[in-house]
Amino acid sequence: MMRTFILLLAFLSLASFKKQTTDEWVYEQEKKGIKVFTKKGKWGRLRDSKATMVVSTSPAQMLATLTNFDNYKEWFPRCSKSRLLARLGDNEYIVHLYFDAPWPVKNRDCVIRVKVNKDPKSGMIVISQTSEPKYVREEADVVRIQQIQSVWKLIPKNGGTEVINEYSSNPGGNIPDWMTNTQSVETPMVTFENLMHKTSTQK
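Residues numbered from 1 in each chain as written. Predicted model: local features only at pLDDT ≥ 70, side-chain atom pairs only at ≥ 80, totals over all residues. Heavy atoms only, no water.

1. Here we look at unusual backbone geometry
Positive phi values are uncommon outside glycine, yet arginine 78 reaches one of about 65°. Summarising the element assignment, arginine 78 is placed in the loop between helix H2 (59-66) and strand E4 (79-89). Take arginine 78: its relative accessible area is 52%, and that puts it in the exposed class. With a phi close to 50°, asparagine 158 is a non-glycine residue in the positive phi region. Its location among the elements puts asparagine 158 in the loop between strand E9 (147-157) and strand E10 (160-170). (Helix = DSSP H or I, 4+ residues; strand = E, 2+ residues; numbered from the N terminus. Buried < 20%, exposed > 50% of the residue type's maximum accessible area, 1.4 Å probe, protein only.)

Dropping the structure here:
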């Protein structure tokens, strides 16, 4: 009986450890009130990321920044150009983004479908972004990112907004290990720092 109990305990511990290393967010870094977490990625070697912060601007102001699609280069790291391709309704869009990559990695682009949902009771705004890689023809010498999934949550908090973003992607092609390992933490941190600065200067 004791041996069975020990084996069961070991199995449960192993299952718990496996879950922590695959399914649960792991704290990575905090700076200026911005927290970054990562976990095993949905696709490839790039880890999924989650970033959180609280800003003094309203959810509506943050939404305006996140849906100003022609100006993503002002806050999205390495984004060299962005443009609105189609407006599918009051709260749904198709957007094309271009990213510069350090040599010798090829530049990337992606096409995403953006949907905005607002909860009239809580005031929370959810922005979902999913890849639409076949929406426009691929360009020569630019690698099309085939898989992207991102969710922004803008939650009213103490007169401001709690901002949460969860991001998964597969950049495709040959990416050096050093870039893969640093991008999951550095990119969301810089993104949120840029957004924090941008929204603070818009008051």
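2. Let's talk about the side chain of threonine 52
With respect to the element layout, threonine 52 can be found in strand E3 (residues 48-55). The exposure class of threonine 52 is buried, given its relative accessible area of 16%. When residues no more than four places from it in sequence are discounted, the contact partners of threonine 52 are Gly33, Ile34, Lys35, Phe37, Val163, Ile164 and Phe192. (Contact = heavy atoms within 4.5 Å.)

3. Notes on the side chain of lysine 50
Relative to the elements of secondary structure, lysine 50 occurs in strand E3. Residues in contact with lysine 50, not counting those within four places in the same chain, are Trp25, Lys35, Val36, Phe37, Ile164, Asn165 and Glu166.

4. Some details on the pattern of salt bridges
All told, the structure shown has six salt bridges when counted by the stated rule. Note that lysine 198 and glutamate 74 form a salt bridge whose closest N and O atoms lie 2.4 Å from each other. Taken together, the residues span a long stretch of sequence, with lysine 198 in helix H3 (residues 177-200) and glutamate 74 in the loop between H2 and E4 at a distance of 124 residues. A network of salt bridges, in which partner residues are shared, links Lys31, Lys32 and Glu193. (Salt bridge = Lys/Arg side-chain N within 4 Å of Asp/Glu carboxyl O.)

5. Structural notes on the packing of aromatic side chains
The full count for this structure, using the stated rule, is nine aromatic pairs. Residues phenylalanine 69 and tyrosine 93 carry aromatic rings whose centres are separated by 5.0 Å and whose planes lie at 55° to one another, so their mutual orientation is tilted. Taken as a pair, phenylalanine 69 in the loop between H2 and E4 and tyrosine 93 in strand E5 (residues 92-99) lie far apart in primary sequence, 24 residues in all. Look at phenylalanine 69 and you get buried, because its relative accessible area is 4%. Relative to phenylalanine 76, the ring of tryptophan 75 has its centre 5.6 Å away and its plane inclined at 25°; by these criteria the two rings are stacked. Note on tryptophan 75: relative accessible area 2%, which makes it buried. Residue classification places phenylalanine 76 among the buried residues on the basis of a relative accessible area of 18%. Members of the aromatic cluster, joined through ring pairs, are Phe69, Tyr72, Trp75, Phe76, Tyr93, Phe99, Trp152 and Phe192. Over the ring of tryptophan 25 we find lysine 39; its NZ or CZ atom is 4.6 Å from the centre of that ring. When the ring centre of phenylalanine 37 is taken as origin, the NZ or CZ atom of lysine 50, which lies over that ring, is 5.2 Å away. (Phe/Tyr/Trp six-rings, centres within 6.5 Å; stacked < 30°, edge-to-face > 60°. Lys NZ or Arg CZ within 6 Å of the ring centre and 35° of its normal.)

6. What about the environment of glycine 44?
The residue glycine 44 is located in the loop between strand E2 (34-39) and E3 in this model. The exposed category is assigned to glycine 44, whose relative accessible area is 60%. C-alpha separation for the pair glycine 44 and asparagine 170, spaced 126 residues apart in sequence, amounts to 6.1 Å.

Purely spatial values, then, with no claim about function.
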